[in-house]
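Structural overview for review
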Protein chains: 8
Amino acid sequence: MTDSSLSPGVLFDHARRSRIGLPEAVFCQGKPAPILIDLLERFGRGQGRPVFFTRLDPSFFFSLDSVLQSAFDYDSISKTAWGDKCPKSAYEGACAVVSAGTADAPVAREAARTLEYLGFNYTLFEDYGVAGLWRLSSCLEEINRHQAVVVVAGFDAALASVLGGLTPRPIIAVPTSVGYGVARGGESALHSMLVSCAPGVAVENIDNGYGAACAAARILNLLAEQANNLKVT
Amino acid sequence: MTDSSLSPGVLFDHARRSRIGLPEAVFCQGKPAPILIDLLERFGRGQGRPVFFTRLDPSFFFSLDSVLQSAFDYDSISKTAWGDKCPKSAYEGACAVVSAGTADAPVAREAARTLEYLGFNYTLFEDYGVAGLWRLSSCLEEINRHQAVVVVAGFDAALASVLGGLTPRPIIAVPTSVGYGVARGGESALHSMLVSCAPGVAVENIDNGYGAACAAARILNLLAEQANNLKVT
Amino acid sequence: MTDSSLSPGVLFDHARRSRIGLPEAVFCQGKPAPILIDLLERFGRGQGRPVFFTRLDPSFFFSLDSVLQSAFDYDSISKTAWGDKCPKSAYEGACAVVSAGTADAPVAREAARTLEYLGFNYTLFEDYGVAGLWRLSSCLEEINRHQAVVVVAGFDAALASVLGGLTPRPIIAVPTSVGYGVARGGESALHSMLVSCAPGVAVENIDNGYGAACAAARILNLLAEQANNLKVT
Amino acid sequence: MTDSSLSPGVLFDHARRSRIGLPEAVFCQGKPAPILIDLLERFGRGQGRPVFFTRLDPSFFFSLDSVLQSAFDYDSISKTAWGDKCPKSAYEGACAVVSAGTADAPVAREAARTLEYLGFNYTLFEDYGVAGLWRLSSCLEEINRHQAVVVVAGFDAALASVLGGLTPRPIIAVPTSVGYGVARGGESALHSMLVSCAPGVAVENIDNGYGAACAAARILNLLAEQANNLKVT
Amino acid sequence: MTDSSLSPGVLFDHARRSRIGLPEAVFCQGKPAPILIDLLERFGRGQGRPVFFTRLDPSFFFSLDSVLQSAFDYDSISKTAWGDKCPKSAYEGACAVVSAGTADAPVAREAARTLEYLGFNYTLFEDYGVAGLWRLSSCLEEINRHQAVVVVAGFDAALASVLGGLTPRPIIAVPTSVGYGVARGGESALHSMLVSCAPGVAVENIDNGYGAACAAARILNLLAEQANNLKVT
Amino acid sequence: MTDSSLSPGVLFDHARRSRIGLPEAVFCQGKPAPILIDLLERFGRGQGRPVFFTRLDPSFFFSLDSVLQSAFDYDSISKTAWGDKCPKSAYEGACAVVSAGTADAPVAREAARTLEYLGFNYTLFEDYGVAGLWRLSSCLEEINRHQAVVVVAGFDAALASVLGGLTPRPIIAVPTSVGYGVARGGESALHSMLVSCAPGVAVENIDNGYGAACAAARILNLLAEQANNLKVT
Amino acid sequence: MTDSSLSPGVLFDHARRSRIGLPEAVFCQGKPAPILIDLLERFGRGQGRPVFFTRLDPSFFFSLDSVLQSAFDYDSISKTAWGDKCPKSAYEGACAVVSAGTADAPVAREAARTLEYLGFNYTLFEDYGVAGLWRLSSCLEEINRHQAVVVVAGFDAALASVLGGLTPRPIIAVPTSVGYGVARGGESALHSMLVSCAPGVAVENIDNGYGAACAAARILNLLAEQANNLKVT
Amino acid sequence: MTDSSLSPGVLFDHARRSRIGLPEAVFCQGKPAPILIDLLERFGRGQGRPVFFTRLDPSFFFSLDSVLQSAFDYDSISKTAWGDKCPKSAYEGACAVVSAGTADAPVAREAARTLEYLGFNYTLFEDYGVAGLWRLSSCLEEINRHQAVVVVAGFDAALASVLGGLTPRPIIAVPTSVGYGVARGGESALHSMLVSCAPGVAVENIDNGYGAACAAARILNLLAEQANNLKVT
């Protein structure tokens, strides 16, 4: 018997950051273990190049040897890790991350952690579902003080429509797979967000907190660039 | 050549009203024309037996001879007709029918017309979508003065969740096929209503204003029965 | 390595009961363990505030320390728990909960337990599927003595249509995920109920016994309110 | 400009009847007009070979020249036609065709017409939906005097389950595309029939009355063959 | 803490056999363990009443105490069990069960075991997929000596169409969940069978070998009845 | 006969612009004709309030009386109309609208027309599908000189991923219903965009050019606000 | 009123043929009429550049002025047109196009016409469905004398599996939208072909005869290239 | 208790290779363990007949006794095994296998292993997703030196369209189940490939690397045959 598994081949797109302002990240789910371990060993703390890992399973991560674990800042709820972060942006704007319920925490925090990794400011507003509208009303003004809004919700995702009708900010909606029955792993939330009666709500894939943060980062990068240009003048 | 179409066979369930409090209705869509005409001729005004026709297409109805047309109270938006109505209920309670947008009118009015046919009071609140929440806030108190609430919405159907979180009344939600793309002919609205974050929202099939009114009528019948019993005492 | 999980944030909607007559409940499925434990510790028996927990997994519950377990009335089939119940309603009406098969027990009992928690009377009729119609016939009169009917069925869910054609009561149908193949986790039962040939059948999400009980409670609350008003007069 | 349409190519499977007891039929829907006309001209009355045409659109058929029309027995509700029928079977058994509503007539009659074409006896029971169960009860005994049962229903198709639990006969269920919303063109009826709680219900494609009659004919052929063998003995 | 699980309620439809010729069976999947054990204890060998158990999981069955196990004839591939079988039918006809591949064995054998339990003869033909047509050709004559044909296939289920075009017998097709990707748990096989180009193929739910055998049994019962009547004469 | 259509009820959300920076628009599809005509009569040129009409069908529009037609700037490809536009923004930034093929023109131009109505600058890049990559390469630099990018594509929508990997700008992707077969009315394009391998691509509903322009406008509004603030300083 | 439709923008990928061996084609469905007319005027007979038009609707084509019509070779069944064809290939190999039924003619002939336009030889085999297997057996040897096989089928598409198990040639399967009910516009045929039990069947989108011919052309181009190289040597 | 599992029945199609140039393979997923073990024991190294096993689960394989394991060349990433390979082809052409990301490795390598087993040359290009287009550009020329191209991608599968627009070679696309949310287990990738804007891309079922290699082998077999014929001349 021979286990003839070929050695893994990974081609990093290191030029991505200079090209589009966002560094490549490693989507860990489904990657064979040897490839993942190889990547973690190459991009731990202090090795000179910030790399972000998403969907890094806790049971896998905590089974690694402790030296390798200690080379990372790991968060088990969002399942994200980094060795080193990107440099903190000089731009003082920030992104609001608003979620409907505590079950949405893994996704909301994936967005928050991505923003932190990229060097941006953010505030996390959790458990603001519309079944109790007073919660949203009480913090609307504070949310509107942010430059971009990421809204995270499962089930009927009505929060996206309600918030979209109340804030003038760019709003990026992330459906979550929270729910059962016709919630269908987030598909109903996704569809509600896409057909939102509020204009200009943009949507990410189900559970894609990372993508939402990247969409927000594209906006913050642009604001930072403009702020920089104008200040210089 | 012979067109050997067999003569139509219709078995009316006339005992339905005494059994469940709701008379049989005729769902016209898809029924062959000769069967429909036969039924209309048998149940026009003054022929002694109230029968309700739903999904009766305007182009078909207005192509009938004028004597037959004049035997009916027909509404072209809801596509409903009756010769005679059921007797007006002595019960003074009422049902609120609340819709999200004017494009939902055919369904909201099918519900309203059904209630009128069955002899119940109702109020129609149209164009109360959550993208402008102030509209709903301004009439919430009035809605809550009704005994049952039918909520009609397409697109993301967020109105059902928001209203479900604000009213203590029995609430029956009807998704409409209004929308495009992933609205999918009302499926997204249906799913949003079914996975509503507000507790105790009950749902009807897409565009089924008739069914929602019947569900409300079951409640109003029960309240009428109880009121009658208690008053007698 | 750092596990930097942020501390959980939960915003309770305690005003819900006074607003809509139904207290907030905790949907446990998918909530991270630390959040759940925190909630259980705050709302056990005798802590002054009734809170209802749904979808609380047995293997999780029975892994808790015994003191915490003993602070709850837990039912492993319906996966529901409460520390204290809501006060018993003075209203003497009741809800019938009728299921098609014993495999529907988890959902039928979630409905029953919710009614008990909310302080309402109910009767549980199990295993009344239409493949043996005599079972339903034998108890129809008894079912009709209840004020509301919750019908729970998987597979083809034909029970909802048959019962809907036989009872005048408000009827709330709950599809269950019982079945295989094109049963599709309850979707076929859901669709059968939504397109029921019996008028006025209202439907909840798949497996949502809790929601059905809440819909019934909205009706019972209304009847209680009317009864109270009329008696006072 | 040249319209270079190639001449049509049709390969008849004339041996089908001797092979499986059922002659080939022509499914007209979607076939280009010249091919259809060619076939009709070859298989009209008296041309020696019985051929059955299904889904032959009335507006197309009635636009043909009158000589061609007169060569066929055409039924506009079932959209079926034949020049000559197959010889009448000597077998005296029969098939019951039971439908839930008058809107199912096109499909129920396609089944009935197919049986007639094939030379078998049948009885048509229309409008026996379960929302008024008394209708079915009143004729159950008569249905059971037939050797096979074809049940035709749209919407929730609950009739198939109820009848399947009451008759010992081979039962072939045909869902129809009658309905709207989640009826989804007959898919919900199809699924209900496939997951029927009654054992041994066999199912055909949506609106396939022809196929159901063929399935019944396979049974009747077998009974005829056995009857013949036993009588000979 | 109290585990207040209510005691199970099972209503047997013992009259089913005299009504439709098929005894009630117990579908074990999803039933709570205490209910299952209770049923097994009541219907083991020698307790006077034949009951058939389907989808009885091996790991569950083999965890029972050995006395209870020994009261059953259990087959781990089809996951079926009985204490006593129904009496052997005097009818000498038989059913052919033909499968496309060895991965279809659980379903093909569920059909075979059901036939055996009901007292009918059958022959099992396994691994006759159409990618190697010679296999089917070699045994077609033998298949046609049976009175009914159950065809079991996953993936593209082309076997049903090919066999349906070659046999005159009543043919009941069972799609299996074998496959991956767009096989979608048997849905593609189901659809292929439903839209089969061969006339009169009747279809069961995915993986429903039990239902196919029941459909065949309805036919065999009918043949037996006719044979009996004719012989008596 | 009486056509008792109730008079239409429209509740305008005129405060929307001050609340979220985007005025309410009228979605015309599915609205009954009398309601539409009433709205057009109230919001034609020179009546003081800019209102935007989307999905205004050409055959309907061109059937209006010519005075009413002449009160609007109407575009038949995008099916959009306005009486008066919003005031031109002082902000000099602009949005790029890039489409994959000429069949996407209705959607791309709906986005362009919305931007024009709202007072923003834009450039339209049509027919840049990736099957001929050189087209995109040739204008990438010009696209990147815009502040936001709307990408419009049907079929496989690969353009969104390729462009998302090449531009640092906020990118809003709009799937179109162009295609056939599994293109499924734009669903495949939608899904491709949602699961794009390029990070931070935000997505709108199928054919929702209006929504994409609104999402871009939220970004341009924000940039304008910041530019204004910084210049003032 | 102004119809401000912007003038159409078309960017031809004229380099496609030299890059991949296949010239760009114009997919006409959904393209606005002015764009189509402009393209037809530019690429009629004798204008020096062969261009292929697919999905060119007959009612549109025959409404054009006769001079424009006469500049094209148009086929109304396949809905294809060309002004000039590509030069005839020197390669003597050929492609077999095999269809299951005459209703598949539009797709089979789109494939045939594409091959003719591209300059390749082909043979068209129509009406070879597996319900009558003898048809396929009779011409298998002839089919195998071709270098590539395009198989076109709707409904259950079993022909692809049967033929895939009988021919060693590269086989490209095209599902058609022929059928009804769960045929679902060709989706069932598509899925059957994708999960075919015969190895190495490659599949195109529903009704994509053009694509199948292009896939075959890639193979024929390669064979021609190799033949050329070897002969030169 | 009796476990009466019938002994397994396997009918090998050993003639397949001579008929279509591809030997039968064993699809292991879902096959009962005893059948699998029996097959492995019959077709290990040196037993004279090459047989290929796909989807052979590592945990199952590594649980076999070591003698049996050592009789196979097993690869745990592709889950494939063989005892003996087919003889190496004399043909010197080769197939390129190009994947979008390292998570696609199991499928890309299943294709590669199948080619190796069948005796063909191949080159594996991994991690060439279009988010970093420079990767593909850098090796396009090398890819085009191969006779056939298998492209393997999950998520949006844009690689298939981009590569399809750049290579003249026959191209076989395999979607993978890599992704989450609306990636839907590979369905979005499948659909993107089927509606690819590049002409002549042929597609296999999700994760079917084996099938793609077989499709490529049909082409390589044909080229080998032609090369042989021409050289002989």
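Being a predicted model, the structure only gives us computed values, none of them experimental.

**A few points about unusual backbone geometry**
All names here are of chain B.
- Phi at Phe155 is positive, roughly 40°, even though this residue is not glycine.
- Note that Phe155 resides in the loop between strand S8 (148-153) and helix H7 (158-164).
- On the accessibility criterion, Phe155 (22% relative accessible area) is partly exposed.
- In this structure, Arg184 takes a positive phi of about 45° despite not being glycine.
- Tracing the chain through its elements places Arg184 in the loop between strand S9 (171-175) and helix H8 (187-194).

**Brief notes about the environment of Ser99 of chain F**
All names here are of chain F.
- Along the polypeptide, Ser99 turns up in strand S6 (residues 94-99).
- Judged by its relative accessible area of 0%, Ser99 falls in the buried class.
- With 34 residues separating them in the primary sequence, Ser99 and Asp65 have C-alpha atoms 35 Å apart.
- In this view, Ser99 contacts Asp104, Ala108, Phe125, Glu126, Asp127, Tyr128, Gly129, Val152 and Leu159; residues no more than four positions away in its chain are not counted.

**A few points about the relation of the copies chain A and chain F**
- The transform that puts chain A on chain F rotates by 180° and translates by 0.0 Å along the axis, for an RMSD of 0.0 Å. Such a turn and shift between the copies fits a two-fold axis.
- Both copies contact each other with a shared surface, as 100% of the interface residues of chain A are interface residues in chain F too.

**Looking at the packing of aromatic side chains**
- The tally for this structure, following the rule as stated, stands at 96 aromatic pairs over all chains.
- Between Trp82 of chain D and Tyr117 of chain D, the aromatic rings sit 6.0 Å apart at their centres with planes inclined by 35°, giving tilted as the arrangement. Of this pair, Trp82 of chain D sits in strand S5 (residues 80-82) while Tyr117 of chain D sits in helix H5 (residues 105-118), placing them 35 residues apart in sequence. Of the two residues, Trp82 of chain D and Tyr117 of chain D, neither departs from the other in class, the shared state being buried.
- Here the basic side chain of Arg55 of chain A rests over the ring of Tyr180 of chain H, its NZ or CZ set 3.8 Å away from the ring centre.

**Description of the environment of Glu116 of chain H**
Residue and element names in this part refer to chain H.
- Tracing the sequence through the fold places Glu116 in helix H5 (residues 105-118).
- C-alpha separation for the pair Glu116 and Met193, spaced 77 residues apart in sequence, amounts to 25 Å.
- Residues within four places of Glu116 in sequence aside, it is in contact with Trp82, Lys85 and Tyr122.
- Here the side chain of Glu116 touches Lys85 through a polar contact of 3.3 Å, side chain to side chain.

**Concerning the domain arrangement of chain A**
Residues and elements named next belong to chain A.
- What the domain assignment lists for chain A is domain 1 (16-82) and domain 2 (94-223).
- Computed over C-alpha atoms only, the centres of domain 1 and domain 2 are separated by 25 Å.
- Taken residue by residue, the interface counts 19 residues in domain 1 and 16 residues in domain 2.
- Carbon and sulfur atoms supply 61% of the area buried between domain 1 and domain 2, which totals about 1,400 Å² over both sides.
- Summed over the shared surface of domain 1 and domain 2, the result is 1 salt bridge.
- The partner of Asp73 in a salt bridge is Arg113, and the shortest N-O contact between them spans 2.6 Å.

What counts, and at which threshold
- Residues numbered from 1 in each chain as written.
- Chains lettered and ligands numbered in written order.
- Predicted model: local features only at pLDDT ≥ 70, side-chain atom pairs only at ≥ 80, totals over all residues.
- Heavy atoms only, no water.
- Helix = DSSP H or I, 4+ residues; strand = E, 2+ residues; numbered from the N terminus.
- Buried < 20%, exposed > 50% of the residue type's maximum accessible area, 1.4 Å probe, protein only.
- Contact = heavy atoms within 4.5 Å.
- Least-squares fit on C-alpha atoms with pLDDT ≥ 70 in both.
- Phe/Tyr/Trp six-rings, centres within 6.5 Å; stacked < 30°, edge-to-face > 60°.
- Lys NZ or Arg CZ within 6 Å of the ring centre and 35° of its normal.
- Polar contact = N/O pair within 3.5 Å; in protein donor to acceptor, adjacent residues only side chain to side chain.
- Domains from an automatic or database assignment.
- Buried area = accessible area lost by both parts, 1.4 Å probe.
- Salt bridge = Lys/Arg side-chain N within 4 Å of Asp/Glu carboxyl O.

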